[in-house]
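Listed below, chain by chain, are the residues.
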Amino acid sequence: MTSTSAVDEIVKSEYEHGFTTEIVSDTFPPGLNEDVVRAISARKGEPTFMTEWRLKAYRHWLTMTEPEWAAVHYPKIDFQSISYFSAPKRSEDAPKSLDEIDPILLETYQKLGIPLEEQKVLAGIAVDAVFDSVSVATTFRKSLAEAGVIFCSISEAVHDYSDLIKQHLGSVVPHTDNYYACLNAAVFSDGTFVYVPKGVRCPMELSTYFRINARNTGQFERTLIIAEEGAYVSYLEGCTAPQRDENQLHAAVVELIVMADAEIKYSTVQNWYPGDAQGKGGIYNFVTKRGDCRGDRAKISWTQVETGSAITWKYPSCLLRGEGAIGEFYSVAVTKGCQQADTGTKMIHIGKNTRSTIVSKGISAGKGQQTYRGLVRIGQRAEGARNHTQCDSLLIGDQCSANTVPYIEVKHPSANMEHEATTSKISDDQLFYCRSRGLTEEDAVSMIVNGFCKEVFNELPMEFAVEAQKLLSISLEGAVG
Amino acid sequence: MTGMISNGFSHWLTAAPDAHKQLFELELPTTKAEAWRYTSLKSLLEQNFTPAEDAANAIQSDDLNKILIPDLMSHRVVLINGRYVPELSALGDLPTGAQIGSLRAALASHSEMVRSQFNQYAFNSLFTALNTAGLNDGVAVLLNRAVVLKNPIELIHISIGANQPQVAQPRHLIVLGDGARATLIERYLSLDAAIYCTNAVIEIALGRDAVFRHERLQMESENAFHLTGLSLKQNANSHYLGVNIGLGARWSRTELVTNFAGEHAECDLQGLYLAGDGQLMDYHLDVTHAVPNCTSRENFRGILCGKGRAVFDGRVLVAKNAQKSDAAMSNNNLMLSEGAEVDTKPQLEINADDVKCSHGTTVGQIEPEKLFYLRSRGISAPLARRMLCLGFAGEIIHMLHEEVLRDYVAEHVGQRLEFSATGLS
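For every chain, the first residue of its written sequence is number 1, and the numbers climb from 1 along that sequence. All chains are assigned letters beginning with A, and all ligands numbers beginning with 1, in the order in which they are written. Predicted model: local features are reported for residues with pLDDT of at least 70 only, side-chain atom pairs are reported and counted for 80 or more only, and whole-chain, interface and lining totals are derived from all residues.

Engineer: Help me out: how do you make sense of the overall build of chain B in this one?
Structural biologist: Secondary structure elements follow DSSP: runs of H or I of four or more residues count as helices, runs of E of two or more count as strands, with numbering from the N terminus. Regarding its fold elements, chain B presents nine helices and 21 strands. Atoms considered for the radius of gyration are the C-alpha atoms alone. The globule rule reads 2.2 Å times the number of residues to the power 0.38. Taking 425 residues into account, the globule formula puts the C-alpha radius of gyration at 22 Å, and chain B, at 21 Å, falls close to it. In terms of overall dimensions, chain B has a C-alpha envelope of 65 × 55 × 45 Å along the principal axes. The burial criterion counts other C-beta atoms lying within 10 Å of a residue's C-beta, which is placed from the backbone; the residue is buried at 20 or more, exposed at 12 or fewer, and partly exposed between these limits. Split into buried and exposed, the 425 residues of chain B put 53% on the buried side.

Structure representation (structure tokens):
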């Protein structure tokens, strides 16, 4: 039944979004030292406290060593060969509206299927599109402002809301947290800042599209989202990247702060360039994402669809401090070609009656390598804590691998913890059943895989769910198990 | 730690010099090492262990009667402080082709079979090296092709304390020829409350179609340290069933390592651990499906009370091309009291696509509905709890073959539950 040639075809299929927009970049020469850190800070006109904060992180970074525990393999990164700042040329006079945006840029978004104008009208989504490192398009700012929601680039926030930044930046992921988070703190270029005040339900879904464009430029995004008491916000993050040969490092940090009765829903579709059939090129995606449920009944929901990147190293986590706080993690990860992914989540139950749900679906095809690595910790005071974890792996082809490494630490007798994991392939019976009803092999596989991932797709906002399903079928077209 | 070796015996072994060398090369594992993440060696290292003294005369056959399980028919081997004691052993009638005896004697007599098999299967670790370098004695069980033992072999490890903490390092070598069948019951116990350490290493090699049932009862004293390193190599169509009951010792670590060398082999590892106040029970299971068509099962259940701690670290590795591997792992824990802790880490590493692998883990308590059901029928709360705990443990206890042994274990589990009843609210 296995059609190796079909699998090969997919593995060889060109990256759909592989194109480079010619645009003049204002890029630093490669290398990293204190002067570069200062220069980044100066270029962004940051106040002194930020410069100091970056330098502190940089100095700490020098004392750290690269983590090696993840089940991923790649040549050692030369951090001195990376350029740490790149801004589209027109960054100095930031555009006030879409009309002012470089038409080439807009064209790029069109190619990616992100028609800004259309989305404005149809989907009601405010888009803060990040082209390389500096935000160049921000829409719907006004209507958000009416609701009292702050949605802007983090560089703007550093200027305009420095008190909030001072108070919260690095409070969830401190610069000492890990190697890449520390590097990010030192050199982060830009990112998104969202602040939803007390009792406000954000009137629309917020979205940022990231796109790595300039050659040899590591992208160090930093996102900070704060939901005050009783607030709600849904945030969408979607990514694609153009094709190129050098490995690109992406070390982002996302911090979520959720107060009592508030909720943040964070959704990601990640489709960065995964490298070619030999595993050459592709993005290194080393991301630290963490949410802090500080108040009672606070809720964080992470949903991710990961189909891109050569290497993914990512563990969106929840600190469940408040009583009755809720953490959720829904993930679909696809590795094909030579992709490697070591991903999962951490649910740290600190408060009473905290609950968490983990649903992880891993699909491994070609020579893809995938590891689910998760931690569920139920602390000594987490009376009545509950966790349910399910991680399923689907293997397509005999060259791939799927690992499951869950850590479960329970220190309270009233805790209830369940963990299930399965590994399977698309069975011949399932295929036969579908085919006997007139479906092509390809449709049958797509249907089975979509069914396998349904629990996660259901959690995505509608527009994203459609995109995710499309991505998945493109990724796995013809890959019959 | 090197104080634990030297016994005037290791020069017999070609393996010993290597082991000595290894001792200096291998580092002491710390909690930074992944396999020792939840288990600290601190309390073990605080003791100043010396090699166990020969205490063969310390007990008489009358004392032994108190230890024996009535009505358990067996080929009995008694080891005191890791040394084979022929006077207390009762091997009974053995069929031709069956050889059971002191490993030390077998090695000394240059038994070609034993010498060629010794130290061939044991996995590499500091504690294995320590055992090899300082081993006292142990048992060699050799069954030729198609030899079937009707009665179980019973290995009774008795520790007798001295003024100073001692370490006994028994070593067993079990080789079953093609189609051979046997049952081994291992019991670890002590006659006093002295501080001591057992560092046992067991090597098992099963021939084609061999069937081996292995029941292990770790009931060391509450001050004991216990280490077991069990390596199992299974040839085609062989079947291994291990039942691991852990009730004793203050600090214990059991490592079970299985390698499939032939197709269609089956390995079934069952376990029950009960960790009470001040106890640490640490289990590491490592099953490697190196060849296709093998089946493995891991089913461990734990009861935690007082400030007991348990660690379960199971790993199933399916190698490339080991298609049609079937592996299922399950670890269920019952937490009865505050201050108890369980850390569990069931891992799967799958490198083939046509496999059936799953694992499940739970941590929970006695369900109030069940308790209510029993209480509404006039059963007192403590008794109801005990019944429910025994029911939970029963799944594993019932895997034991002999009824007398099942009763014996159930009774001890029951006693332990009563003992820790203060911890049950």
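Engineer: Explain the confidence of the model for chain B here, please?
Structural biologist: Predicted coordinates in areas of low pLDDT are best not read in detail. Residues and elements named next belong to chain B. Predictor confidence is given residue by residue as pLDDT, running from a minimum of 0 to a maximum of 100. A residue-level look at chain B finds 95% of positions with pLDDT of 70 or above and a mean pLDDT of 89. Across residues 6-11, confidence stays below pLDDT 50; counting only partners more than four residues off in sequence or on other chains, it has 10 contacts. Interface confidence for the predicted complex, given as ipTM, is 0.84, next to a pTM of 0.85. Whether two residues are in contact depends on their C-beta atoms, placed from the backbone: they are in contact if these lie within 7 Å.

Engineer: Quick question: what am I supposed to make of the interface of chain A and chain B here?
Structural biologist: For an interface, size is often stated in terms of accessible area lost upon the parts coming together. Counting residues at the interface gives 31 residues for chain A, matched by 30 residues for chain B. Going through the elements one at a time, β22 (386-396), β23 (401-410) and β24 (416-425) of chain A are the ones with two or more residues in the side of chain A that touches chain B. A class-by-class count of the residues in the side of chain A that touches chain B yields 13 nonpolar, 12 polar and six charged. Examined bridge by bridge, β24 of chain A and strand β21 (residues 356-364) of chain B share seven bridges and lie antiparallel to one another. Across the sheet, residue Met417 of chain A finds its bridge partner in β21 of chain B, namely Val363 of chain B. Note that Gly is not counted as nonpolar here; it falls among the polar residues with everything else outside the nonpolar set of Ala, Val, Leu, Ile, Met, Phe, Trp, Tyr, Cys and Pro and the charged set of Asp, Glu, Lys and Arg. The rule for pairing is simple: two strands pair if DSSP sees at least two bridges between them.

Engineer: Explanation requested: the packing of helix α7 (residues 368-375) of chain B against helix α8 (residues 381-397) of chain B in the structure shown.
Structural biologist: Between two packed helices, both the angle of their axes relative to each other and the distance between the axes serve to describe the pair. Residue and element names in this part refer to chain B. Lines fitted to C-alpha atoms define the axes here, with helix axes fitted over just the stretch in contact, and angles between the N-to-C directions of these axes take values from 0 to 180 degrees. It is at 9 Å that the axes of α7 and α8 come closest, and there the two elements cross at 125°. Relative to α8, the element α7 lies oblique. The two elements α7 and α8 cross, and the hand of that crossing is right-handed. Here Lys370, Leu371, Leu374 and Arg375 of α7 come into contact with α8, specifically with Ala381, Ala384, Arg385, Met387 and Leu388. Of the residues belonging to the contact of α7 with α8, the class tally is six nonpolar, no polar and three charged. When describing relative orientation, an angle under 35 degrees is termed roughly parallel and one over 145 degrees roughly antiparallel, while 65 to 115 degrees is termed roughly perpendicular and anything else oblique. By definition, turning the near helix anticlockwise from the far helix through less than a right angle yields a left-handed crossing, and turning it clockwise yields a right-handed one.

Engineer: What should I look at first to understand helix α9 (residues 179-187) of chain A in this one?
Structural biologist: Owing to its 3.6 residues per turn, the α-helix aligns residues three or four sequence positions apart on the same side. Residue and element names in this part refer to chain A. Counting buried residues in α9 gives eight out of nine residues, a clear majority hidden from the surface. Those residues of α9 that sit buried are Tyr180, Ala181, Cys182, Leu183, Asn184, Ala185, Ala186 and Val187. Where α9 is buried, its residues contact α2 (34-43), α3 (48-62), β8 (221-227), β11 (253-258) and β13 (283-293).

Engineer: So what exactly am I meant to see when it comes to unusual backbone geometry here?
Structural biologist: Leaving glycine out, the prevailing phi sign among residues is negative, and the prevailing peptide bond configuration is trans. One non-glycine residue, Asp261 of chain A, lies in the positive phi region at around 60°. Checked against the element boundaries, Asp261 of chain A lands in the loop between β11 and β12 (263-271). Owing to 20 C-beta atoms within 10 Å, Asp261 of chain A belongs among the buried residues under this scheme. A positive phi angle, near 65°, is found at Asp71 of chain B, a position not held by glycine. Within the secondary structure, Asp71 of chain B is located in the loop between α3 (61-67) and β2 (75-80). Given 10 C-beta atoms within a 10 Å radius, Asp71 of chain B is considered exposed.

Engineer: In this structure, what is going on with the pairing of strand β5 (residues 139-143) of chain B? I would like to understand it.
Structural biologist: Look at any regular strand and the pattern is simple: side chains alternate between the two faces of the sheet. All names here are of chain B. Among the five residues of β5, five are classified as buried, and the element is accordingly described as predominantly covered. Burial along β5 is two-sided: Val139, Val141 and Leu143 facing one way and Ala140 and Leu142 facing the other are all buried. For strand β4 (residues 98-102) and β5, the ladder comprises five bridges, and the chain directions are antiparallel. Following the sheet pairing, Ser102 is matched in β5 by Val139.

Engineer: Where do I start with the environment of Ile300 of chain A in this structure?
Structural biologist: Residues and elements named next belong to chain A. Within the fold, Ile300 resides in strand β14 (residues 299-306). Classification of Ile300 as buried rests on a count of 30 C-beta atoms within 10 Å. Sequence spacing of Ile300 and Ala262 is 38 residues, and the spatial spacing of their C-alpha atoms is 8.6 Å. The contacts of Ile300, once residues within four sequence positions are left out, are Leu256, Val258, Ile264, Gly291, Cys293, Cys318 and Gly327.

Engineer: Would you mind going over the nonpolar core with me for this structure?
Structural biologist: Soluble globular proteins tend to pack their nonpolar side chains together in the buried interior. Residues of type Ala, Val, Leu, Ile, Met, Phe, Trp, Tyr and Cys that are buried and joined through C-beta atoms within 7 Å form what is called a nonpolar core. With 242 residues, the main nonpolar core has Val194, Val196, Ala227, Val233 and Val258 of chain A together with Leu304 of chain B as its most contacted residues. The element best represented in this core is strand β10 (residues 196-206) of chain B, accounting for eight residues. Setting aside chain neighbours within four positions, we find Val196 of chain A in contact with Val149, Cys202, Ile226, Ala227, Glu228, Ala231 and Val233 of chain A.

Engineer: What is the right way to read α8 of chain B from this model?
Structural biologist: Residue and element names in this part refer to chain B. Expected span of a helix, by definition, is 1.5 Å for each gap between consecutive residues, and there is one gap fewer than residues. Between its first and last C-alpha atoms α8 spans 23 Å; for 17 residues at 1.5 Å apiece the expected length is 24 Å, and the two agree. Note that the bend at a residue is defined as the angle between axes fitted to the seven residues ending at it and the seven residues starting at it. Where α8 bends most, the angle comes to about 30°, and this point is Gly391. For α8, the set of buried residues is Ala384, Arg385, Cys389, Ala393, Ile396 and Ile397.

Engineer: Teacher, can you tell me more about the confidence of the model for chain A here?
Structural biologist: Residues and elements named next belong to chain A. Confidence in the prediction for chain A averages 80 pLDDT; 77% of positions are at 70 or higher. Note that residues 89-96 has pLDDT below 50 and, in this model, eight contacts with residues that lie over four places away or in other chains. Low confidence marks residues 210-217, where pLDDT is under 50. Its contacts with residues over four positions away, or in another chain, come to 33 contacts.

Engineer: Help me understand the packing of α3 of chain A against α9 of chain A, please; the structure alone is not making it clear to me.
Structural biologist: Residue and element names in this part refer to chain A. Contact geometry of α3 with α9 gives a least axis separation of 7 Å together with a crossing angle of 145°. By crossing handedness, the relation of α3 to α9 is classed as left-handed. Contacts between α3 and α9 involve Arg54, Ala57, Tyr58, His60 and Trp61 on the former and, on the latter, Cys182, Leu183, Ala185 and Ala186. Among the residues forming the contact of α3 with α9, the class breakdown is seven nonpolar, one polar and one charged.

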